[in-house]
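One letter stands for each residue in the lines below.
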Amino acid sequence: MKKAIVIGSGAGGAMAAKELQGDFKVTILESGTEFKPFAFNIRKLSKLRKTGLFLDERMISMLFPAMRVRKASSGMVLVNGI
């Protein structure tokens, strides 16, 4: 069986690995930490949002520490997983 190495298990890497499985022996290399699903209650988060406590993008970093938050020169907030 042919072998394939996929670098990264993000959306693109995961899709590539899925497409290659069966025809290839797939190995995924990932440098990130172990995935931990978001465990906070979404309903509570929605109620909290209505209070106006989400003042800016810093709240994203507090709730999702694995996310990298940046601001573009235009002021747009950019969030990506790391």
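Going by the structure above, here's the rest.
Just so you know, the residues in each chain are numbered from 1, in the order the chain's sequence is written. Local features in this predicted model are restricted to residues of pLDDT 70 or higher, and side-chain atom pairs are both shown and tallied only at a pLDDT of 80 or more, whereas totals for entire chains, interfaces and linings draw on every residue. Only heavy atoms go into the side-chain values, all of them from the structure, while hydrogens and water stay out.

Novice: What's the story with the overall build of the protein chain in this structure? I'm lost.
Specialist: Strands are runs of DSSP state E lasting at least two residues, helices are runs of H or I lasting at least four, and both sets are numbered from the N terminus onward. The helix and strand tally for the protein chain stands at three helices and four strands. Helices and strands in the protein chain line up, N terminus first, as β-α-β-α-α-β-β. A compact globule built from 82 residues should have a C-alpha radius of gyration of about 12 Å, whereas the protein chain, at 18 Å, is more than 25% larger. Burial classification: accessible surface area is computed with a 1.4 Å probe over protein chains only, and a residue below 20% of its type maximum counts as buried, one above 50% as exposed, and the rest as partly exposed. Per-residue burial for the protein chain yields a buried fraction of 9% across its 82 residues. Considering only contacts within the protein chain whose residues lie at least 6 apart along the sequence, 6% involve residues at least 24 apart. Working note: accessible area of the protein chain is about 7,100 Å², and carbon and sulfur atoms make up 59% of it. In this charge count, Lys and Arg are treated as positive and Asp and Glu as negative; neither His nor the chain ends contribute. Here the site of a charge means NZ on Lys, CZ on Arg, CG on Asp, or CD on Glu. One way to put it: in the protein chain the 14 positive side-chain charges average out to a point 7 Å from where the 6 negative ones average out. Radius of gyration: over C-alpha atoms. The globule rule applied is 2.2 Å multiplied by the number of residues raised to the 0.38 power. In this analysis, two residues are considered to be in contact whenever any of their non-hydrogen atoms come within 4.5 Å of each other. Reported accessibility uses the Shrake-Rupley method at a 1.4 Å probe radius. Residues are deemed covered only where the shown protein chains occlude them.

Novice: So what exactly am I meant to see when it comes to the pairing of strand E4 (residues 77-81) here?
Specialist: For a regular strand, the rule is simple: side chains alternate between the two faces of the sheet. Strands are treated as partners if at least two bridges between them are detected by DSSP. The sheet contact formed by strand E3 (residues 67-71) and E4 spans five bridges and is antiparallel. For lysine 71, the partnering residue across the bridge sits in E4 and is valine 77. Between E3 and E4, which follow one another and run antiparallel, lie five residues, and glycine 75 among them has a positive phi close to 100 degrees.

Novice: Any chance you could explain a positive patch on the surface here in plain terms?
Specialist: Nonpolar side chains (Val, Leu, Ile, Met, Phe, Trp, Tyr) within 5 Å and like charges within 9 Å form the patches, drawn only from residues with over 30% relative accessible area and no salt bridge. The rule for a salt bridge is simple: a side-chain nitrogen of Lys or Arg has to be within 4 Å of a carboxyl oxygen of Asp or Glu. The grouping of Arg43, Lys44, Lys47, Arg49 and Lys50 at the surface amounts to a positive patch. By relative accessible area, which is 71% here, arginine 43 ends up exposed.

Novice: Just checking my understanding: could you explain a nonpolar patch on the surface for this structure?
Specialist: Together, Ile5, Ile7 and Leu29 line one region of the surface with nonpolar side chains, adding up to about 340 Å² of accessible area. Examined against the element boundaries, isoleucine 7 turns out to sit in strand E1 (residues 2-7). The exposure class of isoleucine 7 is exposed, given its relative accessible area of 66%.

Novice: Even after reading the chapter, I still don't get the pairing of strand E2 (residues 24-29), so can you show me in this structure?
Specialist: Strand direction decides the pairing type here: E1 and E2, joined by six bridges, are parallel. Note on E2: the bridge partner recorded for lysine 2 is phenylalanine 24. When the strands point away from the viewer and the path from the first strand over the helix to the second turns clockwise, the crossover is right-handed. Note that the unit made of E1, helix H1 (residues 11-20) and E2 has a crossover that is right-handed.

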